[in-house]
Amino acid sequence: MVPPCTNSSASSYLPQLALLSAAALWGVSFLVTKMGMEFSGPFAFVALRFGAAALILGVLLRVPLLRLTRRELAGGFFVGLFGAFGSVFVAYALKTEPSARVVFLAALYVPLVPVLHWVLFKRKPGRNIWAGVVLAICGVGLMAGIASASADLSTGDGFALASAGFVAMQIIVLGEFSKGVNTKSLAWTTLAFTALVAAIFSIMIGEPAPQISNPTLFWIIIGFGVSTAYIQLAMGWGQARVDASKASLIYATEPVFGGLAGWLAGEVLGVADIIGGLLIVTGFIVGAMPSNSHYRRRFIVIRHWLSARFGAGRYTGEQFNELP
């Protein structure tokens, strides 16, 4: 018989550190993508990036290609389709906008996921989710200059916001297809189809061939492949051990790392960018907090326990069945 795991400080914090490292790498990737755009078109860059990640994951996980199920292939295609456009639109945004700004706007997929869940599957979000969405939208308004004299979004802002929508759909579709499949195989097919879709569109729109012989682009692609492979493994391992709400809160630090990376690279953050970014991050945190019903359940359990322990027997045994 296997003894139960103990909650040592090391075992309890390692999964959270794994998720935090994944969020940090995704945030920094915005700045690296901006650098890669100097040597490649957006679609070609995404194809190279995800192709390298698929190759590395395939070697590490030894995915049995001949035994992939239809659900794994279909899931990989649809998740990869949304993921490809989400990544490409971020790349287009980074061609004209600072990475610190794009990382905040594109990270709006976090509050968009519960909203789209409600629209598509009638899963109504809690009040904390609505509060987080309102805070995030206010932050976007500040960062996009809606409060200024010209209330127009730039083209780059539009691409970043569109990317948030595609990534939100990618997360929702992934959640639906990940049930009852081999998650390692699904991760590989997602990366492979993302690379394939991006490559097809790169050829269709006539993008120039990427300067793959350039050492800078070559090492960016290699680094991206390794980091994306690590991100997939860290997220899978970490979320198997961390509560979903806490994982969401950890992922919410992604734009913070992206903004910090842009600032360290010499990009200037204005007052509106800083305040807007703080509002967006605050919205993420509020949205990731447990709903009021969670606290209400906790309060009722504690009240019943105290009454049964120290009271006159008003709340006993079977009363716990009345909990909502």
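Everything discussed here concerns the structure shown above.
Residues numbered from 1 in each chain as written. Predicted model: local features only at pLDDT ≥ 70, side-chain atom pairs only at ≥ 80, totals over all residues. Heavy atoms only, no water.

**Focus on the overall build of the chain**
So, step 1. Helices and strands together make up the secondary structure of the chain, namely 13 helices and zero strands.
So, step 2. N-terminal to C-terminal, the α/β element order of the chain is α-α-α-α-α-α-α-α-α-α-α-α-α.
So, step 3. Residue burial in the chain is summarised as follows: out of 324 residues, 43% are buried.
So, step 4. When contacts within the chain are restricted to residue pairs at least 6 apart in sequence, those whose partners lie at least 24 apart make up 86%.
So, step 5. Surface accessibility of the chain: about 17,500 Å² in total, with carbon and sulfur atoms responsible for 68%. (Helix = DSSP H or I, 4+ residues; strand = E, 2+ residues; numbered from the N terminus. Buried < 20%, exposed > 50% of the residue type's maximum accessible area, 1.4 Å probe, protein only. Contact = heavy atoms within 4.5 Å. Areas by Shrake-Rupley, 256 points an atom, 1.4 Å probe, with all protein chains shown as cover.)

**Topic: helix α5 (residues 109–121)**
So, step 1. Helix length check: α5 (13 residues) gives 17 Å between terminal C-alpha atoms against 18 Å at 1.5 Å per residue, within 8%.
So, step 2. Of the residues making up α5, those classed as buried are Tyr-109, Pro-111, Val-113, Pro-114, Val-115 and His-117.
So, step 3. Positioned one or two residues after α5, Lys-122 has a phi angle of 60°, which is positive. (Expected span 1.5 Å × (residues − 1).)

**Some details on the packing of aromatic side chains**
So, step 1. Evaluated as defined, the whole model comprises 14 aromatic pairs.
So, step 2. Ring geometry for Phe-43 versus Tyr-92: centroids 6.4 Å apart, planes at 75°, classification edge-to-face. A residue pair is termed long-range when its members are at least 10 positions apart, and Phe-43 in helix α2 (residues 42–61) and Tyr-92 in helix α3 (residues 70–94) qualify at 49 residues.
So, step 3. The class of Phe-43 is buried, set by a relative accessible area of 6%.
So, step 4. The class of Tyr-92 is partly exposed, set by a relative accessible area of 24%.
So, step 5. With centroids separated by 5.4 Å and ring planes inclined at 70°, the aromatic side chains of Phe-89 and Phe-159 adopt a geometry described as edge-to-face. Here the residue Phe-89 occupies a position in helix α3, and Phe-159 occupies one in helix α7 (residues 155–177), the gap between them amounting to 70 residues.
So, step 6. The class of Phe-159 is partly exposed, set by a relative accessible area of 27%.
So, step 7. Among the aromatic side chains, those forming a connected cluster through ring pairs are Phe-43, Phe-82, Phe-85, Phe-89, Tyr-92, Phe-159, Phe-166 and Phe-201. (Phe/Tyr/Trp six-rings, centres within 6.5 Å; stacked < 30°, edge-to-face > 60°.)

**Thoughts on the packing of α5 against α7**
Each packed pair of helices is defined by two parameters, the angle between the axes and the distance between the axes.
So, step 1. Contact geometry for α5 and α7: axes closest at 9 Å, N-to-C directions at 60°. With respect to their mutual orientation, α5 and α7 come out oblique. Two packed elements cross with a definite hand, and for α5 against α7 that hand is right-handed. The residues of α7 that touch α5, namely those facing Tyr-109, Leu-112, Val-113, Leu-116, His-117, Leu-120 and Phe-121, are Ala-164, Gly-165, Val-167, Ala-168, Met-169, Ile-171, Ile-172 and Glu-176.
So, step 2. Considering only residue class, the contact of α5 with α7 consists of twelve nonpolar, two polar and one charged. (Axes fitted to C-alpha atoms, helices over the stretch in contact; angles between N-to-C directions. Parallel < 35°, antiparallel > 145°, perpendicular 65-115°, else oblique. Left-handed = near helix turned anticlockwise from the far one by under 90°. Nonpolar A, V, L, I, M, F, W, Y, C, P; charged D, E, K, R; others polar.)

**Examining the side chain of Glu-72**
So, step 1. Mapped onto the secondary structure, Glu-72 falls in helix α3.
So, step 2. Salt bridges are absent for the buried Glu-72, whose nearest opposite-charge side chain, Arg-71, sits at 8.4 Å.
So, step 3. When near neighbours in sequence (up to four residues on either side) are disregarded, Glu-72 contacts Arg-67, Val-181, Asn-182, Ser-185, Leu-186 and Thr-189. (Lys, Arg positive; Asp, Glu negative; His and termini not counted. Salt bridge = Lys/Arg side-chain N within 4 Å of Asp/Glu carboxyl O.)

**Considering a nonpolar patch on the surface**
So, step 1. Side chains of Tyr-13, Leu-14, Leu-17, Leu-20 and Trp-237 sit close together on the surface and give an oily, nonpolar patch of about 500 Å² of accessible area.
So, step 2. If one sorts the elements of the nonpolar patch by residue count, helix α1 (residues 9–36) sits on top with four residues.
So, step 3. By the element assignment, Leu-14 lies in helix α1. (Patch = residues over 30% accessible without salt bridge, like charges linked within 9 Å, V, L, I, M, F, W, Y side chains within 5 Å.)

**Side note on the environment of Val-88**
So, step 1. With respect to the helices and strands, the residue Val-88 is situated in helix α3.
So, step 2. Accessibility expressed as a relative area gives 0% for Val-88, which makes it buried.
So, step 3. Sequence separation between Val-88 and Ala-44 is 44 residues, and the spatial gap between their C-alpha atoms is 9.0 Å.

**Here's the deal with the side chain of Thr-189**
So, step 1. In this structure, Thr-189 sits in helix α8 (residues 183–204).
So, step 2. Side-chain polar atoms of Thr-189 contact the backbone oxygen of Leu-186, separated by 2.9 Å.
So, step 3. In this structure, Thr-189 is in contact with Leu-68, Glu-72, Leu-73 and Gly-76, ignoring residues within four places of it in sequence. (Polar contact = N/O pair within 3.5 Å; in protein donor to acceptor, adjacent residues only side chain to side chain.)

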